[in-house]
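Observations on the three-dimensional arrangement
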Amino acid sequence: MARATGMSELVTAERTKDAFRRLVDPELPGLYSLARRLVRDGAEDLVQEALLQAYRAFGTLRDEAATGRWLKTILVNVFRDDLRKRTRSVEEISVEEVEGFSLYRTLIEVDPLPYSDTLHHDFLTAFGKDDVREVLLRLPEIYRAPLVLKYMDGFVTKEIARMLDVPLGTVLARLHRGRKRFEQEMWAYAEEASLLAGRDDR
Amino acid sequence: MTETQGLIPCSEAVRKLWDYLDNAVPPEDQEKVDKHLSFCRTCCGELEFAKELRAFLASGSALELPVDVKARLERFVQEL
């Protein structure tokens, strides 16, 4: 009888593992993308830790169709806890530091692509995915995470507040400052990486 | 564009644009932004650029999962 019970537990565990694998495998690219945008190094470790925690909590997944978002939420929790361990103080960007900058106006004023009829569009399309990642990684993590979660992974602000365990108002303020800093860094990066060189040859 | 015309200044309109696009501004602020945009061509340009930047960010959401990383992650799941 004991052997039969042990056998049935083994079968159940295997079935659980199979089900987990079946649901998780298609989500790996999205999870890895998120991790690579949240951290410069250690994205794979971050994904592995999230997978481990997800497996332990597999019984709490109620809706299989929501597996991707469930896994991403766990990954962000791991990221947040790790960030808290690593950083003692929060590096806040002051409003004055970013408020006056407008990428839209800077592009008009500097006009880095004088022959372009679609200056702003052409500026954006000069950025490849790795360039965008590099710009994101220049932002302090507390600003980077809300931007990535909202504008790249499509989470709503309330969800982001819950995931990062900060008040809603804090997320809104960080989104605002993060967006402005992101625009500043896009401009700086385009100049440093000579991203626009040769794009205006006619 | 100045406050003297009874409109919010450009700085305030621009500050609210992304939240405006997110439908995250209170109705009274939405009205102020709408009114400002109906008069200010520069801020309409800011709005269009904000839309394009948002779409640009959303379109770049998937980074490539290298084959070796994929294999290691699948093996990790296999061995849980």
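Bear in mind the structure is a predicted one, so any value in this text is a computation, not a measurement.

Time to look at the overall build of chain A. Within chain A, the regular secondary structure consists of 11 helices and zero strands. Counting from the amino terminus, helix and strand elements in chain A follow one another as α-α-α-α-α-α-α-α-α-α-α. When its C-alpha atoms are laid out on the principal axes, chain A stretches across 80 × 40 × 25 Å. Within chain A, the proportion of its 202 residues that are buried is 31%.

A few words on the environment of A:A173. Residues and elements named next belong to chain A. The residue A173 is located in helix 11 (residues 168–192) in this model. Accessibility expressed as a C-beta count within 10 Å gives 17 for A173, which makes it partly exposed. Sequence separation between A173 and Y143 is 30 residues; the distance between their C-alpha atoms is 9.3 Å.

Residues and elements named next belong to chain B. Averaged over all residues, the pLDDT of chain B equals 89, while 94% of them reach at least 70. Within chain B, helix 1 (residues 10–21) has the poorest average pLDDT of any element, 90, and helix 4 (residues 67–78) the best, 95. Across the interface, the model reports ipTM at 0.86; the global pTM reads 0.88.

We now examine the nonpolar core. Soluble globular proteins tend to bury their nonpolar side chains together. Of all hydrophobic cores here, the largest spans 48 residues; its most connected members are A:A35, A:V47, A:A50 and A:L75. Here this core gets eight residues from one element, more than from any other, and that element is helix 9 (residues 141–152) of chain A. Not counting residues within four places of it along the chain, the set of residues in contact with A:L75 comprises A:L31, A:L34, A:A35, A:L46, A:V47 and A:A50. One finds B:V14, B:L17, B:W18 and B:C43 within the second-largest nonpolar core, a separate group that totals 11 residues.

As a further point, take the interface of chain A and chain B. With 29 residues of chain A in contact, the opposing surface of chain B contributes 26 residues. Across the side of chain A that touches chain B, the residue classes tally to 13 nonpolar, seven polar and nine charged.

All names here are of chain A. In the contact formed by helix 8 (residues 129–137) and helix 11, the axes pass within 9 Å of each other and the chain directions differ by 125 degrees. Classed by the angle they form, the pair helix 8 and helix 11 counts as oblique. Considering the relative orientation of helix 8 and helix 11, their crossing is right-handed. Every residue of helix 11 that contacts helix 8 at D131, E134 and V135 is listed here: F182, E185, M186 and Y189. For the contact of helix 8 with helix 11, the residue count by class is four nonpolar, no polar and three charged.

Residues and elements named next belong to chain A. Per the domain assignment, the segments of chain A are domain 1 (2–86) and domain 2 (95–192). Computed over C-alpha atoms, the centres of domain 1 and domain 2 are 29 Å apart. Across the boundary between the two partners, domain 1 contributes 11 residues, which contact 13 residues of domain 2. Elements with a contribution of two residues or more to the side of domain 1 that touches domain 2: helix 2 (28–38) and helix 4 (67–86).

Before going further, it helps to examine the packing of helix 10 (residues 157–164) of chain A against helix 11 of chain A. All names here are of chain A. For the pair helix 10 and helix 11, interaxial distance at closest approach is 9 Å and the crossing angle is 105 degrees. Taken together, the axes of helix 10 and helix 11 lie roughly perpendicular to each other. Of helix 11, the residues touching helix 10 (which contributes T157, K158, I160, A161 and L164) are L168, V171 and L172. Counted by class, the contact of helix 10 with helix 11 contains six nonpolar, one polar and one charged residues.

What counts as what
- Residues numbered from 1 in each chain as written.
- Chains lettered and ligands numbered in written order.
- Predicted model: local features only at pLDDT ≥ 70, side-chain atom pairs only at ≥ 80, totals over all residues.
- Helix = DSSP H or I, 4+ residues; strand = E, 2+ residues; numbered from the N terminus.
- Buried ≥ 20, exposed ≤ 12 C-beta atoms within 10 Å, placed from the backbone.
- pLDDT = per-residue confidence, 0-100.
- Core = buried A, V, L, I, M, F, W, Y, C linked by C-beta atoms within 7 Å.
- Contact = placed C-beta atoms within 7 Å.
- Nonpolar A, V, L, I, M, F, W, Y, C, P; charged D, E, K, R; others polar.
- Axes fitted to C-alpha atoms, helices over the stretch in contact; angles between N-to-C directions.
- Parallel < 35°, antiparallel > 145°, perpendicular 65-115°, else oblique.
- Left-handed = near helix turned anticlockwise from the far one by under 90°.
- Domains from an automatic or database assignment.

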